[in-house]
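Breakdown of the fold
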Amino acid sequence: MKRHHIFLILICSFILSRTATGQKSDNIPSQVKVKAEDGAYNFFVNGEKFELKGVGINYADGHDFEALYKAGGNAFRTWTVKNAEEELAAAKKYGFMVAMGISIGKELYGFDYNDRKAVAKQFKKVKAIIKRYKNHPNVLCWVVGNELNLLFNKNGTLRPVNPKVYDSLADIVDFIHKEDPNHPVTITFAGVIKEHLKVALERCPQIDIVSVQVYGDLENVEERMKNTGIQKPYMITEFGPMGFWEMPKTEWNREIEEVSGPKADGILKRIQKGIINNASGKCLGGFAFEWGQKQERTPTWYGMFHKDGSQTETIDNLTKLWTGKHPENRAPRVDSILLDGKKATDNIYLKPNQKYTAQLFASDPNNDILTYKWVVSKEVITRSQGGEKEIEPPRVSVEVLKDEDGTFTFVTPKNGEYRILGYVYDNKGKAGGGNIPFMVKNN
């Protein structure tokens, strides 16, 4: 046998052995493209069409990767690379693709894009991230920054960010395109705001995908994106329940959350209209928010899990969309919650040290025996902006007079703003619930 033939055989054997142990494969990137086929844009991974079935995972809020796999999901997005090693290891184990989030300074939190040194330091960190993870086979795309267009006036209205934000992004996108030609790049926007998108794309036209984050407005996303005139493909990098800014408030300015049943219904309806039935040919799909548990106005507003890991009805609906059928065991259905016979929108004022009753109206698709849990808590003291960390308010100890079958009678605490939260469990890993804000005052 000729010497060069022997050499080739040895090289091939080495490659195969390294791949078999999983070491070499981590250095072979997937070739990811976004291209139009039959009039519609899609992801293509190593030449195969990839239909996005994704969720948002913020590792600290929960990361039940096995549950995502069982539900039929095939991708998740992140916001930072803080837990990238664990996330990519899970992606490799379960076959997920990852939209890798890279945290970028936000004016909302004080980052100054006029500070050249700060911008250069940030750019250096981003370069290191790209070089470190660009060859991992489970990387789908890069998500640079999160809602950088989000900035408020003192009266709470939106105002434009410094255009240098997008100059900085353009430099980052150019670097990624040169350093990593295998993965597309996107930036995310809070809402579909034509003026914001216009400025961004004038300064960073080389972006591959435009990503918007919408909640109640998901059902209008096709029309709104069409009205921007943008011809690029787009993703919905966050969608979910009605946002707290989209819901009614009490007279004392506390947000009213949907109970878990109608919440799940609404999410499903908006997915159908905004993503599944999106006829634009430009929508690549999106990532449901969020695959975990997160305190934001309440402990249950956005998370698809409860603190103890129980899954909600929204996960059942995603499972049906992704696999064609609901899971065998389904979550309890909660249709409404009342306090003193009133709904949250009735602006409930109660007197201190008096007896009142709350009711949670629930049923179970599998006829499981349900267990109820009630919590009375104070209201959030400092409300977060832009999804940043929010401190869960303390619970309040109350005298309980009755607690059975979804009926809870208690004695009210002293004057103040409170919220009563009702939870229901099937004791098989599924849960539902609802809550009502109320004010305790003497008159």
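A brief report on the enclosed structure follows. Bear in mind the structure is a predicted one, so any value in this text is a computation, not a measurement.

Section: the overall build of the protein chain
A count of helices and strands for the protein chain gives nine helices and 19 strands. Here the C-alpha atoms of the protein chain give a radius of gyration of 24 Å, agreeing with the 22 Å that 2.2 N^0.38 yields for 443 residues. Counting only C-alpha atoms and orienting by the principal axes, one finds that the protein chain spans roughly 95 × 50 × 40 Å. When burial is assessed residue by residue, the protein chain has 55% of its 443 residues classed as buried.

Comments concerning the sheet that holds strand E2 (residues 40-45)
Strand order in this open sheet of three strands is E1-E2-E3, and the pairing throughout is antiparallel. Across the chains shown, the open sheet's two edge strands, defined by having one partner strand only, are strand E1 (32-37) and strand E3 (48-50). For this sheet the average axis-to-axis angle between neighbouring strands, irrespective of direction, equals 50 degrees. Sheet topology places E1 next to E2; six bridges connect them, and they run antiparallel. In the sheet register, Lys35 faces E2, and the bridge partner there is Asn42.

So, the environment of Leu151
Along the chain, the position of Leu151 falls in the loop between strand E7 (139-144) and helix H5 (164-179). With 10 residues separating them in the primary sequence, Leu151 and Val161 have C-alpha atoms 6.4 Å apart. Discounting chain neighbours no more than four positions away, the residues touching Leu151 are Glu107, Leu108, Thr157, Leu158, Arg159, Pro160 and Val161.

Some details on the pairing of strand E9 (residues 209-213)
Counting buried residues along E9, five of its five residues qualify, which places the element largely inside the surrounding structure. Here E9 shows two buried faces, one formed by Ile209, Ser211 and Gln213 and the other by Val210 and Val212. The pairing of strand E8 (residues 185-190) with E9 spans five bridges and is classified as parallel. Across the sheet, Ile187 pairs through a bridge with Val210, a residue of E9. For the crossover that starts at E8, traverses helix H6 (residues 194-203) and ends in the parallel E9, the hand is right-handed.

Section: the pattern of salt bridges
Per the counting criterion, the structure on display carries 22 salt bridges. Put simply, Glu257 and Lys263 hold a salt bridge, and the shortest N to O gap is 2.7 Å. Of the two residues, Glu257 and Lys263, neither departs from the other in class, the shared state being buried. Taking the shortest distance from any N to any O, the salt bridge between Asp340 and Lys342 comes out at 2.9 Å. Asp340 gets classed as partly exposed once you look at its relative accessible area, which sits at 33%. The class for Lys342 is partly exposed, based on a relative accessible area of 31%. One salt-bridge network, in which partners are shared between bridges, spans Glu255, Arg297, Arg383 and Glu390.

Quick notes on H6
Taken together, the buried positions of H6 are occupied by His196, Leu197, Ala200 and Leu201. The buried residues of H6 occupy an angular sector of 115 degrees when the element is viewed end-on, so they sit on one face. Across from the buried face of H6, at angles greater than 90 degrees, the exposed residues are Glu195, Lys198 and Glu202. Of the surrounding secondary structure, the elements contacted by the buried residues of H6 are H5, E8, E9 and helix H7 (221-228).

Observations regarding unusual backbone geometry
Cis rather than trans, the peptide bond between Phe289 and Glu290 has omega equal to -15 degrees. For Glu290, the position within the fold is in the loop between strand E11 (283-288) and helix H9 (313-323). The phi dihedral of Arg297 falls on the positive side, at around 75 degrees, and the residue is not glycine. Within the fold, Arg297 resides in the loop between E11 and H9. On the basis of relative accessibility, which here comes to 8%, the residue Arg297 falls in the buried class. The residue Asn427 is not glycine, and still its phi comes out positive at about 60 degrees. Mapped onto the fold, Asn427 is located in the loop between strand E18 (416-425) and strand E19 (431-440). Taking the relative accessible area as the measure of exposure, Asn427 reaches 54% and is therefore exposed.

Re the packing of helix H4 (residues 116-133) against H5
The contact between H4 and H5 brings their axes to 11 Å, and the two run at 25 degrees. Here H4 is positioned roughly parallel relative to H5, judged by the angle of their axes. Two packed elements cross with a definite hand, and for H4 against H5 that hand is right-handed. Residues Val119, Gln122, Phe123, Val126, Lys127, Ile130 and Lys131 of H4 form the contact with H5, whose own contacting residues are Ser168, Asp171, Ile172, Phe175, Ile176 and Glu179. Across the contact of H4 with H5, the residue classes tally to seven nonpolar, two polar and four charged.

Reading the values: the criteria
Residues numbered from 1 in each chain as written. Predicted model: local features only at pLDDT ≥ 70, side-chain atom pairs only at ≥ 80, totals over all residues. Heavy atoms only, no water. Helix = DSSP H or I, 4+ residues; strand = E, 2+ residues; numbered from the N terminus. Rg over C-alpha atoms; globule rule 2.2 N^0.38 Å. Buried < 20%, exposed > 50% of the residue type's maximum accessible area, 1.4 Å probe, protein only. Pairing = 2+ DSSP bridges. Axes fitted to C-alpha atoms, helices over the stretch in contact; angles between N-to-C directions. Contact = heavy atoms within 4.5 Å. Right-handed = clockwise from strand over helix to strand, strands pointing away. Salt bridge = Lys/Arg side-chain N within 4 Å of Asp/Glu carboxyl O. Arc of directions from axis to C-beta. Parallel < 35°, antiparallel > 145°, perpendicular 65-115°, else oblique. Left-handed = near helix turned anticlockwise from the far one by under 90°. Nonpolar A, V, L, I, M, F, W, Y, C, P; charged D, E, K, R; others polar.

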